[in-house]
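Given next are the chains, with one letter for each unit.
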Amino acid sequence: MSASAPASHAAITGWGKCLPPAVLSNRDLSTILDTSDEWILTRTGIRERRISHVGLGELAWVAAARALACAGIDGSRIELIVFGSCSYDDQVPNMASGIQMRIGARGAAAYDINTACTSFLYGLSTATALIRTGVVRNALVIGAELISPFMDWSDRDVAVLFGDGAAAVVLEGSGSAQGLLAEKLGCYGEAREILRVHGMGGRYANRGTLYGVTRWQFEGQEIFKRAVQGMAGACEEALARAGLSTADVELLVPHQANLRIIEAVARRAHVPMERVYVNVQRYGNMSAATVPVALCEALEEGRVRPGALLLMPGFGGGLSYCAHLVRWGRRIEPLGSSDAQLPPNEASALTLIRRCLERKTCPALIATGGDPFAQL
């Protein structure tokens, strides 16, 4: 697409997020599950999470529109769209092609990437590589998830953890040392069974099982151990590849799965908590959306200065892990704003959950002998 010499780096020039307005608090969850605000908060650090009233594509489009406006670039100029997610509206056609259509990026390359919670970061790697090799000059990278329709709302061990949301960044070729400087990607494939969502995928299609009615296999203690080991080790290796140390890192922006995991990774990486960005209390685990949403909010709150060195580790199903070392550019303010908005919503988060999972279509709820939403 570009006839000129490849850029040596891919700077992040735009960023935008989209959080659905319906808030599901710990107290709300205690009305449908055997749990409490104290039980959830002490184990996870989560106080609330968001539940979407629209599809994944709508969340991603609003985030993308805001990122493009922030970068001051028209969607028609985008040459590559990478959509990171594991909770697609559709698998065919892919989600990225829908964003291509919405932003008017006619002819742009568009593909989805699924490494679960690390999907945005893996997407950042692939898009950066394609810019550096001259295949494209710029890219839109999205991390977005709509977990709520796939959740087993009878399982308190996982239902309290996840939320919906989206964020996006714009990458543009640069001759200066900006953007992704070094990364470490990895996977504990031998342990992939400790985090599995039964009910999503081709093995359930047309086999008498309603697609999207799920049972989560989630071995929390083993996941915790692997997450800390994977993210901390990846941080060390990414820094070593760049010839830097944690003393050079101004802000750690980790995957927001659980406060205990974040604190353990920070300790292992020798980064004090005052240099760690945390928003898990507001949104829970938004899977692929956690890191880009946290990045957007760190910028909004003045936690990122021009030229700052950021370290962004992640961990997800598969069991994928990674860490990305990013040098921020000179600009920390958006060049413009977008009027893109979600359609209005008046339904509560609990009502939205009920619409996702009616008792008559949810064997997981039937098996418990009751409908936790009957009171609504």
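Per chain, residue numbering runs from 1 following the sequence as it is written. Only residues with pLDDT of at least 70 are given local features in this predicted model, and only at 80 or more are side-chain atom pairs given and counted; all residues enter the totals for whole chains, interfaces and linings. To get the side-chain values, all heavy atoms of the structure are used, and hydrogens and water are removed first.

Caption draft 1: Spatial organisation of the packing of helix α7 (residues 220-242) against helix α8 (residues 259-269). What counts as an axis is a line fitted to C-alpha atoms, over the stretch in contact for a helix, and the angles between N-to-C directions run from 0 to 180 degrees. In this text, helices come from DSSP runs of H or I with a minimum length of four residues, and strands from runs of E with a minimum of two, each type numbered from the N-terminal end. Here α7 crosses α8 at 40°, and the two axes come no closer than 9 Å. As judged from the angle between their axes, α7 and α8 are oblique. Where α7 crosses over α8, the two elements pack in a sense that is right-handed. In contact with Phe224, Ala227, Val228, Gln229, Met231 and Ala232 of α7, α8 contributes Arg260, Ile261, Ala264, Val265 and Arg268. By the definition adopted for this analysis, an angle is roughly parallel if under 35 degrees, roughly antiparallel if over 145, roughly perpendicular if from 65 to 115, and oblique otherwise. Here a crossing is called left-handed whenever its near helix is offset anticlockwise from the far helix by less than a right angle, and right-handed whenever the offset is clockwise. In what follows, residue pairs with any heavy atoms lying within 4.5 Å of each other are defined as contacts.

Caption draft 2: Structural view of the state of the cysteines. Cysteine sulfur atoms are paired as a disulfide whenever they come within 2.5 Å of each other. Tallied over the full model, the rule gives 0 disulfides. With no disulfide of its own, Cys296 has Cys70 as its nearest cysteine by sulfur position, at a separation of 7.9 Å.

Caption draft 3: Representation of the pairing of strand β7 (residues 165-174) within the structure. Here's how the labels work: a residue is buried when its accessible area is under 20% of the maximum for its type, exposed when over 50%, partly exposed in between, all with a 1.4 Å probe on protein chains only. Of all the 10 residues making up β7, 8 are buried; the element is thus mostly covered by neighbouring parts of the structure. By definition, two strands form a pair when at least two bridges between them are found by DSSP. Across 9 bridges, strand β1 (residues 9-18) lies against β7 in antiparallel orientation. Bridge assignment links Ile12 to a residue of β7, and that residue is Leu171. Both strand β6 (residues 138-145) and β7 contribute to a ladder of 8 bridges, which runs antiparallel. Along β7, the bridge assignment pairs Leu140 with Val170.

Caption draft 4: Here's a closer look at the pattern of salt bridges. We count a salt bridge whenever a side-chain nitrogen from Lys or Arg sits within 4 Å of a carboxyl oxygen from Asp or Glu. The full count for this structure, using the stated rule, is 13 salt bridges. A salt bridge links Glu79 to Arg137; its shortest N-O distance comes to 2.4 Å. Taken together, the positions of Glu79 in the loop between α3 (56-71) and β4 (80-84) and Arg137 in the loop between α5 (119-132) and β6 put the pair 58 residues apart, joining distant regions of the chain. A relative accessible area of 46% places Arg137 in the partly exposed class. The salt bridge involving Arg282 is made with Glu301; its shortest N-O contact spans 3.6 Å. One end of the pair, Arg282, is in helix α9 (residues 280-283); the other, Glu301, is in the loop between α10 (290-300) and β12 (309-316), with 19 residues separating them in the sequence.

Caption draft 5: Inspection of the packing of α3 against helix α4 (residues 95-103) at higher detail. Between α3 and α4, whose axes approach to 10 Å, the crossing angle comes to 50°. Overall, the two elements α3 and α4 adopt an arrangement that is oblique. As for the relative orientation of α3 and α4, their crossing is right-handed in sense. Together, Leu56, Gly57, Glu58, Ala60, Trp61, Ala64 and Leu68 of α3 and Met95, Ile99, Arg102 and Ile103 of α4 make up the contact between the two elements. Across the contact of α3 with α4, the residue classes tally to 8 nonpolar, 1 polar and 2 charged. Under the convention adopted here, Pro, Cys and the residues Ala, Val, Leu, Ile, Met, Phe, Trp and Tyr are nonpolar, Asp, Glu, Lys and Arg are charged, and Gly plus all remaining residues are polar.

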